[in-house]
Amino acid sequence: MNIYLAGPDVFRPDAADWAAEARRLVASFGHSALLPTDNEAPDAPGIFAGNMALLRRADAVLANLEPFRGGEPDSGTCVEVGCAIALGKPVVGYLRDTRPLVERLGATRRPGSGDAFVDERGWTVENFALPLNLMLAVPCTVVEGGLAEALARLQHDAG
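Residues numbered from 1 in each chain as written. Predicted model: local features only at pLDDT ≥ 70, side-chain atom pairs only at ≥ 80, totals over all residues. Heavy atoms only, no water.

**Details of the overall build of the chain**
- Each helix and strand in the chain was counted, giving six helices and eight strands.
- Element order for the chain, N to C, with α for helix and β for strand: β-α-β-α-β-α-β-α-β-β-β-α-β-α.
- Taken over C-alpha atoms, the radius of gyration comes to 17 Å for the chain, in line with the 15 Å a tight globule of 159 residues would show.
- With respect to the three principal axes, the spread of C-alpha positions in the chain is 55 × 40 × 30 Å.
- For the chain, the residues scored as buried account for 40% of the 159 residues in total.
- Within the chain, contacts between residues separated by at least 24 positions form 65% of all contacts whose residues are at least 6 apart in sequence.
- Accessible area of the chain: about 8500 Å², with a carbon and sulfur share of 56%. (Helix = DSSP H or I, 4+ residues; strand = E, 2+ residues; numbered from the N terminus. Rg over C-alpha atoms; globule rule 2.2 N^0.38 Å. Buried < 20%, exposed > 50% of the residue type's maximum accessible area, 1.4 Å probe, protein only. Contact = heavy atoms within 4.5 Å. Areas by Shrake-Rupley, 256 points an atom, 1.4 Å probe, with all protein chains shown as cover.)

Encoded structure:
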């Protein structure tokens, strides 16, 4: 399979080393990795178009859904996941902490509201016992761990 690796890892200080290791890991499972860094476009519209082309070539997507620059996954990764879902591609997301979102965010019960939870700003946090917002957690398979665990789950599900 051609597997697109979505996630904020392209922003890491050691992104080139990470990419080489990710390619080796994907190859050890008998697959080929497609990374956003395979796209050499010099500008934002070109990067978007190139990444969309890579997503269309992919048979599946593995997405790093770790919190990035806040309590939620990288917004670009979320767009890639949504596009993959719309294209009918299987998506396996991974994160180290798969506790329910209300626990991960430290949400508290809104006084007098029964089951409503809120974050530190008073905004409602959905309470479906999912590790991520339902728009990611429902259509994606979410595993605890990293890329290796996501690859193993994809392999298992492909049967």
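Past the structure itself, the notes keep going.
**A look at the pairing of strand β3 (residues 60–64)**
- With five of five residues buried, β3 is to be regarded as a mostly interior element.
- Both faces of β3 are covered, namely the face carrying Ala60, Leu62 and Asn64 and the face carrying Val61 and Ala63.
- In the sheet, strand β1 (residues 2–6) pairs with β3 via four bridges, with the strands oriented parallel. Residue Ala6 lies in a different strand from β3, and its bridge partner there is Ala63.
- As paired strands, β3 and strand β4 (residues 91–95) are joined by four bridges and run parallel to one another. Bridging across to β4, Asn64 finds its partner in Tyr94.
- Remark: the β3/helix α3 (residues 75–86)/β4 crossover connection has right-handed handedness. (Pairing = 2+ DSSP bridges. Right-handed = clockwise from strand over helix to strand, strands pointing away.)

**Overview of the packing of aromatic side chains**
- With the rule as written, the count across this model stands at one aromatic pair.
- Taken together, a centroid distance of 5.9 Å and an interplanar angle of 20° make the contact between Phe11 and Phe68 stacked. Here the residue Phe11 occupies a position in the loop between β1 and α1 (15–28), and Phe68 occupies one in the loop between β3 and α3, the gap between them amounting to 57 residues.
- Directly above the ring of Phe11 sits Arg69, whose terminal nitrogen or CZ lies 5.3 Å from the centroid.
- Between Arg121 and the ring centre of Trp123, over which it is positioned, the NZ or CZ distance is 4.7 Å. (Phe/Tyr/Trp six-rings, centres within 6.5 Å; stacked < 30°, edge-to-face > 60°. Lys NZ or Arg CZ within 6 Å of the ring centre and 35° of its normal.)

**Here we look at the sheet that holds strand β8 (residues 141–144)**
- Strands sit in the order β2-β1-β3-β4-β8 across an open sheet of five strands; the sheet is parallel. Two strands close off the open sheet at either side, each with one partner strand: β2 (32–34) and β8. The sheet shows a mean angle of 25° between the axes of neighbouring strands, direction not considered.
- On top of the sheet, α1 reaches β1 and β2; it is set at about 145° to β1, its chief contact. (Axes fitted to C-alpha atoms, helices over the stretch in contact; angles between N-to-C directions.)

**Looking at the side chain of Thr77**
- Inspection of the secondary structure puts Thr77 in helix α3.
- Among residues more than four places away in sequence, those in contact with Thr77 are Ala6, Gly7, Pro8, Ala63, Asn64 and Leu65.

**Thoughts on the layout of surface pockets**
- Approximately 290 Å³ is the volume attributed to the largest pocket.
- Pro36, Ile47, Asn51, Gly76 and Glu80 are, among the 16 residues lining the largest pocket, the residues nearest its centre.
- Of all the secondary-structure elements, those providing two or more residues to the lining of the largest pocket are α2 (44–57) and α3.
- Per-element accounting of the lining of the largest pocket gives the leading share, six residues, to α2.
- The volume enclosed by the second largest pocket comes to roughly 250 Å³.
- Surrounding the second largest pocket, 15 residues form its lining, Asp9, Arg12, Asn64, Tyr94 and Arg96 being those nearest its centre.
- For the lining of the second largest pocket, the element with the highest residue contribution is α1, accounting for three residues. (1 Å grid on protein atoms, 1.4 Å probe; cavity = no way out; pocket = protein on both sides within 12 Å on 5 of 7 lines; lining within 4 Å. Points joined across faces, edges and corners; volume = space filled by probe spheres on them.)

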